[in-house]
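# Chain and residue survey
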Amino acid sequence: MHEFESRTILKSSGLRGEITVPGDKSISHRAIMFASLAKGESRVRGLLRGEDCLSTLKAFQAMGVAVVETAADELIIQGRGLDGLQEPADVLDCGNSGTTMRVMSGILAAQPFFSVLTGDQYLRKRPMGRVIEPLRQMGAKILGRAGNAKAPLAIDGGGLKPIEYRSPVASAQVKSAVLLAGMQIEGTTTVYEPHLSRDHSERMLRYFGAEIESFEGGARVTGPVALSGREVEVPGDISSAAFFLVAALIVPGSELLLKNVGVNPTRSGIIDILQQMGGSIELLNPRELSGEPVADLLVKSSNLQGIEIGGELVPRAIDEFPVVSVAAAFAAGVTTIRDAKELRVKETDRIAAMCETLGLLGARIAPLEDGMQITGGQSLTGGKVNSFGDHRIAMSLAVAALRADAAVEIADTGCTATSFPNFWQLLAEIQG
Ligand code: S3P
């Protein structure tokens, strides 16, 4: 449980300096999972030590994987191979982490033992039918609360057959769950998705030596694959960098260099959105780290313009819409976000949360069924707002506060430890 700690953020007179954000959350989860399922030793550097990734790590430790911490952000993981995990002696607690629960249910569905997954009060409300349904089509025996739609989930693993699955949602968690079940069994498993979701699983499985085909509209794996231990370098999380990108754009007199940020095209929608709004963001020193594209991002305060956002851009920026709504509140004109119904089933209903909180601070923001409409150019007042226990809402409100006319008190800020444990410290360091 997080501390319900409140924080007061004051108007900023400029953000300057050079920072490195913590490791990418999605890539850190996958590094722990695939290193555990590989044969031999892996060394993972730059790992995010956020609570979500620690939930994944503890789950694999509970299944017999030996892990040595060699530095604050470095682990050595002794992989046990696809058939070396042990039945966990207790329930696996996924905390707040949707990725841990959904992606791991794909792994566990194919393992020949019984496991139970649970999570915190937020995760237990989130839809799990989206992974249970395709895994059941593969023959998995999974039961869940609320008519097999919610956690806790009980999995009696094994006996799967491959499928071709057309996912109704562009979700990397669904795609990964099915591919990770499929990679452990004989035959070819294919997942089609309406738009391309993040492809970190496909890239990292290839990096660990598996053959996995990505094609327009989906991905395909023929199992069982052979994964071997590797050295993995995790790039900085673009979803964490996003808070500082928006902060520097909206606070006059700012210039920030964000070092070593992952810019995988399936994740970099936030850069496209902010550049389309007129934001000055330069990608410097492009390179590759463990199969993932990386760059340093130079961002300078800019006058932003409202835009229309929808379609394939949405899954490429799915975690960034809370902070996009903050950018839009300070942009000239109207910003409309559509095709983003998924925001309603994230850690909280992020459409309702941003409309309520930014609205309280004086922004003109209205919910749409599948997005929001923000009329920018208003000044924000100070006030008291709540994060609703959602890390990205808390950090988005902190960014809004940097440009509000009076102090903003944010309640329930301990949740930032989920994905960005040193967020408040970095924010303090760059105040000019
Ligand atoms: C994630 C995928 C996204 C994202 C989440 C992490 C992942 O969810 O919102 O924060 O690591 O695969 P969906 O795949 O459900 O859209």
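Residues numbered from 1 in each chain as written. Predicted model: local features only at pLDDT ≥ 70, side-chain atom pairs only at ≥ 80, totals over all residues. Heavy atoms only, no water.

### Observations regarding the site of the ligand
The following threshold applies: Neighbouring residues are identified by heavy atoms, a residue being near a molecule or strand if any of them is within 4 Å of it. Polar contact is the term for a pair of N or O atoms within 3.5 Å; when the atoms are in protein, one must be able to donate a hydrogen and the other to accept it, and sequence-neighboring residues count only if both atoms are side-chain atoms. The Shrake-Rupley method, run with a 1.4 Å probe sphere, supplies the accessible areas, and residue values consider only the shown protein chains as cover.
Inspection of the region around the ligand gives Lys25, Ser26, Arg30, Thr99, Ser171, Ala172, Gln173, Arg198, Ile318, Asp319 and Lys346 as its neighbouring residues. Arg30 places a polar side-chain atom, nitrogen or oxygen, 2.6 Å from an oxygen atom of the ligand. Between Ala172 and the ligand, the recorded distance is 2.7 Å, taken from a backbone N or O atom to an oxygen atom. The fraction of the free accessible surface of the ligand (380 Å²) that becomes covered by protein chains is 96%.

### Details of helix α6 (residues 172-182)
Using the following cut-off: The classification of residues rests on relative accessible area computed with a 1.4 Å probe and restricted to protein chains. Under 20% of the type maximum is buried, over 50% is exposed, and intermediate values are partly exposed. Each helix corresponds to a stretch of at least 4 residues labelled H or I by DSSP, and each strand to a stretch of at least 2 residues labelled E; elements are numbered beginning at the N terminus.
Summarising burial for α6: 11 of the 11 residues are buried, a large majority. By the burial criterion, the buried members of α6 are Ala172, Gln173, Val174, Lys175, Ser176, Ala177, Val178, Leu179, Leu180, Ala181 and Gly182.

### Regarding the pairing of strand β12 (residues 212-215)
Rule in force here: Paired strands, in this sense, are two strands between which DSSP finds at least two bridges.
When β12 meets strand β13 (residues 218-223), the two strands line up antiparallel, connected through four bridges. Along β13, the bridge assignment pairs Ile212 with Val221. In sequence, β12 turns back onto β13 through a hairpin of two residues, with Gly217 there showing a positive phi of about 100 degrees.

### Some thoughts on unusual backbone geometry
Ala151 connects to Pro152 through a cis peptide bond whose omega is 0 degrees. Considering the arrangement of structural elements, one finds Pro152 in strand β9 (residues 150-156). Here Gly223 and Pro224 are connected by a cis peptide whose omega angle stands at -5 degrees. Inspection of the secondary structure assignment puts Pro224 in the loop between β13 and β14 (231-233). If you check the backbone angles, Ser290 has positive phi at about 45 degrees while not being a glycine. Relative to the assigned elements, Ser290 resides in the loop between β16 (280-289) and β17 (292-300). For Ser290, a relative accessible area of 16% translates into the label buried. Residue Phe388 is not a glycine yet carries a positive backbone phi of 55 degrees. If you trace the backbone, Phe388 turns up in the loop between β22 (383-386) and α12 (391-401). Since its relative accessible area comes to 26%, Phe388 is described here as partly exposed.

### Quick word on the pattern of salt bridges
Here is the rule we go by: Salt-bridge detection follows one rule: a side-chain nitrogen of Lys or Arg within 4 Å of a carboxyl oxygen of Asp or Glu.
Evaluation of the coordinates by the stated rule reveals 28 salt bridges. When the shortest N-O distance is used, the salt bridge between Arg7 and Glu5 registers 2.8 Å. Overall, Arg7 belongs to the partly exposed group, its relative accessible area being 28%. With a relative accessible area of 28%, Glu5 lands in the partly exposed category. Here the salt bridges do not stand alone but share partners, grouping Arg126, Arg198, Asp319, Glu347, Arg350, Asp390 and Arg392 into one network.

### What to know about the sheet that holds strand β23 (residues 408-411)
Rules: Every axis corresponds to a line fitted to the C-alpha atoms, with the helix fit spanning only the stretch in contact, and the corresponding angles, defined between N-to-C directions, vary from 0 to 180 degrees. Residue contacts follow a heavy-atom distance rule, with two residues in contact if any of their heavy atoms lie within 4.5 Å.
Pairing is mixed across the open sheet formed by three strands, whose spatial order is β1-β23-β22. Looking at the sheet topology across the chains shown, the edges are occupied by β1 (7-9) and β22. Each adjacent strand pair in this sheet contributes to an overall mean axis angle of 25 degrees, direction not counted. Strand direction decides the pairing type here: β22 and β23, joined by four bridges, are parallel. Paired with Asn386 across the bridge in β23 is Ala411. α12 contacts β1, β22 and β23 of the sheet and is inclined by roughly 175 degrees relative to β23.

### Considering the packing of aromatic side chains
The condition is simple: When the centres of two rings from Phe, Tyr and Trp lie within 6.5 Å, Trp using its six-membered ring, the rings pair. Their planes under 30 degrees apart give stacked, over 60 give edge-to-face, and anything left gives tilted. Distance and angle both matter: a charge sits over a ring if NZ of Lys or CZ of Arg is within 6 Å of the ring centre and within 35 degrees of the ring normal.
According to the stated counting rule, one finds eight aromatic pairs in the structure shown. Centroid distance Phe34 to Phe208: 6.4 Å. Interplanar angle 85 degrees. Geometry classified as edge-to-face. You can see Phe34 sitting in helix α1 (residues 25-37) and its partner Phe208 sitting in the loop between α7 (200-207) and β12, a full 174 residues away along the chain. Where Phe244 meets Phe420, the ring centres are 6.0 Å apart and the plane angle is 65 degrees; that geometry is what we call edge-to-face. In this pair, Phe244 sits in helix α8 (residues 238-250) while Phe420 sits in the loop between β23 and α13 (423-429), placing the two residues 176 residues apart along the sequence. Accessibility classification places Phe244 together with Phe420 in one group, the buried group. Through a chain of ring-to-ring contacts, the aromatic side chains of Phe243, Phe244, Phe420, Phe423 and Trp424 assemble into a single cluster. It is Arg166 that lies over the ring of Tyr192; its NZ or CZ is 4.1 Å from the centre.

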